[in-house]
2 protein chains.
Amino acid sequence: MGRKRLQESADGRPTVHTVAARAGVSIASASRVLNGVGGSPETIRKVRAAAAEVGYVPNAIARSLQSQRTGLVALAVEDIGNPVYVAMMRAIEAVVASSGRQLVVHATGGRIDNEMTLLRRLANRYVDGMIISPIRVTDDHLGALAGSPVPVVVIGQLGADAPVDNVRTDSRRGVALAVDHLLATGRRRIGFVNGPLDTVPGAARDAGFRAALARHGIHLDEDLVEVGDFQYAAGRAAALRLLARASPDALVCANDLIAVGALHALLAAGRRVPEDVALVGMDDTELAQMMFPQLSSVSLGSAERGRRAAELLLQRIADPTLPPRREQVPPSLAVRASSGTTLPAARPSADPLDGPTAPTPTHPSSEGVTA
Amino acid sequence: MGRKRLQESADGRPTVHTVAARAGVSIASASRVLNGVGGSPETIRKVRAAAAEVGYVPNAIARSLQSQRTGLVALAVEDIGNPVYVAMMRAIEAVVASSGRQLVVHATGGRIDNEMTLLRRLANRYVDGMIISPIRVTDDHLGALAGSPVPVVVIGQLGADAPVDNVRTDSRRGVALAVDHLLATGRRRIGFVNGPLDTVPGAARDAGFRAALARHGIHLDEDLVEVGDFQYAAGRAAALRLLARASPDALVCANDLIAVGALHALLAAGRRVPEDVALVGMDDTELAQMMFPQLSSVSLGSAERGRRAAELLLQRIADPTLPPRREQVPPSLAVRASSGTTLPAARPSADPLDGPTAPTPTHPSSEGVTA
DNA sequence: TTGTAGGCGTTATCAC
DNA sequence: GTGATAACGCCTACAA
């Protein structure tokens, strides 16, 4: 049953009751003053004084129970070590914080069961909403997303008719940008180091690569294609395998982590970049510009996608009856030193090798593995 | 006053009342069964069935109000883009998750006011505890830390008598390891690229550098010392400034981000690494091994510090009366290609310069900017 | 303006 | 084992 109502909380800290008693008013009055609604000048003075004296701080949990909102927003991504997600996270954080909320970050490791667990946990209302960027999507996913009791926004490709707020890019076109650029600068044997084909981005990029070559009437030598996962080590290993059996004059990598791994493999193998092999990554993360030579990379607008996803989420939290929306962020290519040379005859004149040329990305930051 | 108690929550979702009514038992019985304590076989069956039928999921907030704990733990670091914090975060996450809790990550930007705000917000009980890794410490800080209403563990150097759980390393000794190594391999003009001197790690590393040289009786040419902040761009710029006015044969950098920036500057300036200039970073993050050449780096045990901090925090949450504890994680040096050559006459015989020599770090992963 | 009295959804205590 | 019922700390109709 519990003791009769005391004036302080279980752990001895002041509550509205403490303040009210000290100020000699009812808890209702105290609460009103504390929330800045109503109260006579005298009451306000007394309550404020009392609150200050006892060091009153409202209990967020009790407030949440009453208001039915926690002020927390969740973000679920595969790998917080991937700079592309750091960029996304920062953009989301900025929007979320401006609404007075906080971000809870989850790393799923790309595992569907982890994501399903998170989705299920949403039902207990520990957050007001969630942004999730799955790299694999199943029917279970779609079911859980559509039936979620709290607002969810998905960053990444989703079935065309999924009734879920969704922000995507077109990574197929992104790969095409890279291929077109390399062909335009004289490369002919373009290799591709991809992530797993059973992931949404992996499949899309594979399709994009093949379509781009086909569009140019170029036959694809399968020896020039390698698959690993979206990590540095896998990219390095995959590039080594590829180099062992083929002689590419350019490499497109499915994300920057892979590209950095490939760069390491190339340099360790004594290949010059870009003279011998040009290199283009994807996501245009901070990492790309840290390398030497700096990496050309396809921006998939990860920061922008994060920003928009956060905005969609906040809107839906404010009005859950909104119809599902879908937004698309176009890819763009940042050309840097790793591919900044035209093969046959280099023309360094009007085309400084350092710094982006082509459609300069709006943000100097990073981009996504998604889509 | 509000409507009489209904059977479902405000937003139409099932509550214990819904389940109880459906099962034809009291909410007390329903709650008991739901929590797996007590209940006759028949009652258990009915309640479980009812819960399943209506899709009951307990409300985390209500539960928190009752239990006085949120199941959330906060981590406040300067910059989530720094791989050292990613490593720390992962280690902390693992421990925290194993206790059934979740991690809320805050980026403070190293700004004291942000940290103070977080510390103050702790009073409203939105998390059960917090791990903070401040790079600047003020008296206000210490006051807030000591007087915190919820458990706090600090990663990083703190005044010797601060009554706060604390996990630290010895970055002074860490710098000494780097300097000793470089001197042992024949380097004589060792430069130092540091972070801000008004930060705890910045000050400690500066002192460590000077002390190490002094110990070897070497006069420090101030032209060989540069300061920026703990970021890539600053490191690159600082290294460029340093190169413009001095000719180091080795560079020690206060963290890996700076070291990567310095590497870029060196290579862009046409210096060979390690032949012309050896390079050693600090924190031993993933980044160090991604570079070409791979970077030697002083491990400050960031993952280990994170793990220990999390354990201390969980212990204190379980028993707030524990006396303040202090733990120390020793630094170690991982020697890699960027410093793996003895200058005057290479002697690969009994002292293999490639691959980690010194105390090999247990984890292949990353480490900290702190201390 | 002010105070009274629920109620947010849960758990726990206490009698039966 | 079970069922009322009182909290957890806060907010807010409603009545005064």
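Because the structure is predicted, anything quoted here is derived from the model rather than measured.

Asks: Looking at this structure, I do not really get the interface of chain B and chain A. What am I missing?
Replies: Put simply, an interface is often sized by how much accessible area is lost when its parts join up. Across the boundary between the two partners, chain B contributes 45 residues, which contact 46 residues of chain A. With both chains or domains summed, chain B and chain A bury close to 3,800 Å², and 64% of this area falls on carbon and sulfur atoms. Note that B:Asp79 is salt-bridged to A:Arg90, the shortest N-O span being 2.7 Å. In this structure, the connection of chain B to chain A is made through ten residue pairs in polar contact (both at pLDDT 80 or more). Residues that form the side of chain B that touches chain A fall into these classes: 27 nonpolar, eleven polar and seven charged.

Asks: I keep staring at the sheet that holds strand 1 (residues 72-77) of chain B and nothing clicks. Help me out?
Replies: Each strand in a sheet pairs with another by means of backbone hydrogen bonds, the pair being arranged parallel or else antiparallel. Residues and elements named next belong to chain B. Taken together, the six strands give an open sheet; going across it, the order is 2-1-3-4-5-11, and neighbouring strands pair in parallel fashion. Each having just a single partner strand, strand 2 (102-107) and strand 11 (326-329) make up the two edges of the open sheet. Neighbour-to-neighbour, the strand axes of this sheet turn through a mean angle of 15°, independent of strand direction. Direction of pairing for strand 3 (residues 129-132) relative to strand 4 (residues 152-155): parallel, over a ladder of three bridges. Residue pairing across strands places Met-130 opposite Val-152, the latter belonging to strand 4. Sitting on the sheet, helix 13 (residues 302-318) is in contact with strand 1, strand 3, strand 4, strand 5 (165-169) and strand 11, with an inclination near 170° to strand 5.

Asks: I'm lost on the UniProt feature "domain: HTH lacI-type" (unreviewed entry) in chain A in this one. Help?
Replies: The feature "domain: HTH lacI-type" (unreviewed entry), as given by UniProt, occupies residues 14-67 of chain A in the numbering adopted here. The span residues 14-67 of chain A shows a helical share of 70% and a strand share of 0%, and its end C-alpha atoms are spaced 21 Å apart.

Asks: What exactly am I supposed to notice about the protein's contact with DNA strand C here?
Replies: Residues in close proximity to DNA strand C total 34 residues, the closest being A:Ser29, A:Thr43, B:Ser9, B:Val16 and B:Tyr56. Looking at DNA strand C alone, sugar and phosphate atoms form 64% of those within 4 Å of the protein. At 2.8 Å, a side-chain N or O of A:Arg32 approaches a base nitrogen of DNA strand C. Looking at the surface near DNA strand C, the elements with two or more residues in it are helix 2 (27-34) and helix 4 (60-67) of chain A together with helix 1 (16-23), helix 2 (27-34) and helix 4 (60-67) of chain B. Of the residues that constitute the surface near DNA strand C, the class distribution is 13 nonpolar, 15 polar and six charged.

Asks: Can you help me understand the packing of aromatic side chains in this one?
Replies: The relative placement of two aromatic rings is captured by the distance of their centres and the angle of their planes. Residue and element names in this part refer to chain B. Applying the stated criterion across every chain, the model contains two aromatic pairs over all chains. A centroid spacing of 4.6 Å and a plane angle of 15° characterise the contact between Phe-192 and Phe-209, whose relative ring orientation is stacked. Placement of the pair is Phe-192 in strand 6 (residues 190-194) and Phe-209 in helix 9 (residues 200-215), with a sequence separation of 17 residues. Assessed through its relative accessible area of 0%, Phe-192 is described here as buried.

Asks: Where do I start with the relation of the copies chain B and chain A in this structure?
Replies: For these two chain copies, the linking operation is a rotation about an axis paired with a shift along it. Overlaying chain B with chain A gives an RMSD of 0.1 Å, the required rotation being 180° about an axis along which the chain moves by 0.0 Å. Within this description, the copies of the chain are treated as partners about a two-fold rotation axis. For chain B, the minimum C-alpha distance to the rotation axis belongs to B:Val104 and amounts to 2.4 Å. Comparing interface residues between copies, 100% of those in chain B also lie at the interface in chain A; the contact surface is shared.

Asks: Would you mind going over helix 11 (residues 256-268) of chain A with me for this structure?
Replies: In an α-helix there are 3.6 residues to a turn, and that puts residues three or four apart on one side. All names here are of chain A. With 13 residues, helix 11 should reach 18 Å at 1.5 Å per residue; the first-to-last C-alpha distance of 18 Å fits that figure. The element helix 11 is largely enclosed, with a buried count of twelve among its 13 residues. Inspection of helix 11 places Asp-256, Leu-257, Ile-258, Ala-259, Val-260, Gly-261, Ala-262, Leu-263, His-264, Ala-265, Leu-266 and Leu-267 among the buried residues, and these make up the whole buried set. Capping the start of helix 11 is the job of one residue whose side-chain oxygen sits 3.1 Å from the backbone nitrogen of Leu-257: Asn-255. Gly-270 occupies a position one or two residues after helix 11 and carries a positive phi of about 80°.

Asks: Mind showing me how you'd approach the side chain of B:Glu304 here?
Replies: Residues and elements named next belong to chain B. Among the secondary structure elements, Glu-304 is positioned in helix 13. Overall, Glu-304 belongs to the buried group, its relative accessible area being 15%. Here Arg-307 takes part through its side chain, which lies 2.8 Å from a polar atom of the side chain of Glu-304. Within the structure, the side chain of Glu-304 is placed 2.9 Å from the side chain of Arg-308, a separation counted as a polar contact.

Asks: Sorry if this is basic, but what is going on with the confidence of the model for chain A here?
Replies: Any residue range with low pLDDT should be treated as having predicted coordinates unsuitable for detailed reading. Of the residues in chain A, 91% reach a pLDDT of 70 or more, and the chain-wide mean stands at 90. In the model, residues 345-368 of chain A has pLDDT below 50 throughout and makes 57 contacts with residues more than four positions away in sequence or in other chains.

Asks: Would you mind showing me how to read the domain arrangement of chain A here?
Replies: According to the domain assignment, chain A contains domain 1 (4-58), domain 2 (68-169 + 303-329) and domain 3 (171-300 + 332-339). Put simply, the middle of domain 1 of chain A and the middle of domain 3 of chain A, counted by C-alpha atoms, are 63 Å apart.

Asks: Looking at this model, I keep getting lost on the packing of helix 10 (residues 232-245) of chain A against helix 11 of chain A. Mind explaining?
Replies: Think of two packed helices as two axes; the pair is described by the angle between the axes and how far apart they sit. Residues and elements named next belong to chain A. At their nearest, the axes of helix 10 and helix 11 sit 7 Å apart, and the two run at 45° to each other. Of the possible angle classes, the one that applies to helix 10 and helix 11 is oblique. Handedness of the crossing formed by helix 10 with helix 11: right-handed. From helix 10, Tyr-232, Gly-235, Arg-236, Ala-239, Leu-240 and Leu-243 reach across to helix 11, where they touch Leu-257, Ile-258, Val-260, Gly-261, Ala-262, His-264, Ala-265 and Leu-266. Taken together, the residues of the contact of helix 10 with helix 11 break down into ten nonpolar, three polar and one charged.

Cut-offs and rules
- Residues numbered from 1 in each chain as written.
- Chains lettered and ligands numbered in written order.
- Predicted model: local features only at pLDDT ≥ 70, side-chain atom pairs only at ≥ 80, totals over all residues.
- Heavy atoms only, no water.
- Contact = heavy atoms within 4.5 Å.
- Buried area = accessible area lost by both parts, 1.4 Å probe.
- Salt bridge = Lys/Arg side-chain N within 4 Å of Asp/Glu carboxyl O.
- Polar contact = N/O pair within 3.5 Å; in protein donor to acceptor, adjacent residues only side chain to side chain.
- Nonpolar A, V, L, I, M, F, W, Y, C, P; charged D, E, K, R; others polar.
- Pairing = 2+ DSSP bridges.
- Helix = DSSP H or I, 4+ residues; strand = E, 2+ residues; numbered from the N terminus.
- Axes fitted to C-alpha atoms, helices over the stretch in contact; angles between N-to-C directions.
- UniProt positions renumbered as here; feature names shortened; annotations may be inferred.
- Near = heavy atom within 4 Å.
- Phe/Tyr/Trp six-rings, centres within 6.5 Å; stacked < 30°, edge-to-face > 60°.
- Buried < 20%, exposed > 50% of the residue type's maximum accessible area, 1.4 Å probe, protein only.
- Least-squares fit on C-alpha atoms with pLDDT ≥ 70 in both.
- Expected span 1.5 Å × (residues − 1).
- pLDDT = per-residue confidence, 0-100.
- Domains from an automatic or database assignment.
- Parallel < 35°, antiparallel > 145°, perpendicular 65-115°, else oblique.
- Left-handed = near helix turned anticlockwise from the far one by under 90°.

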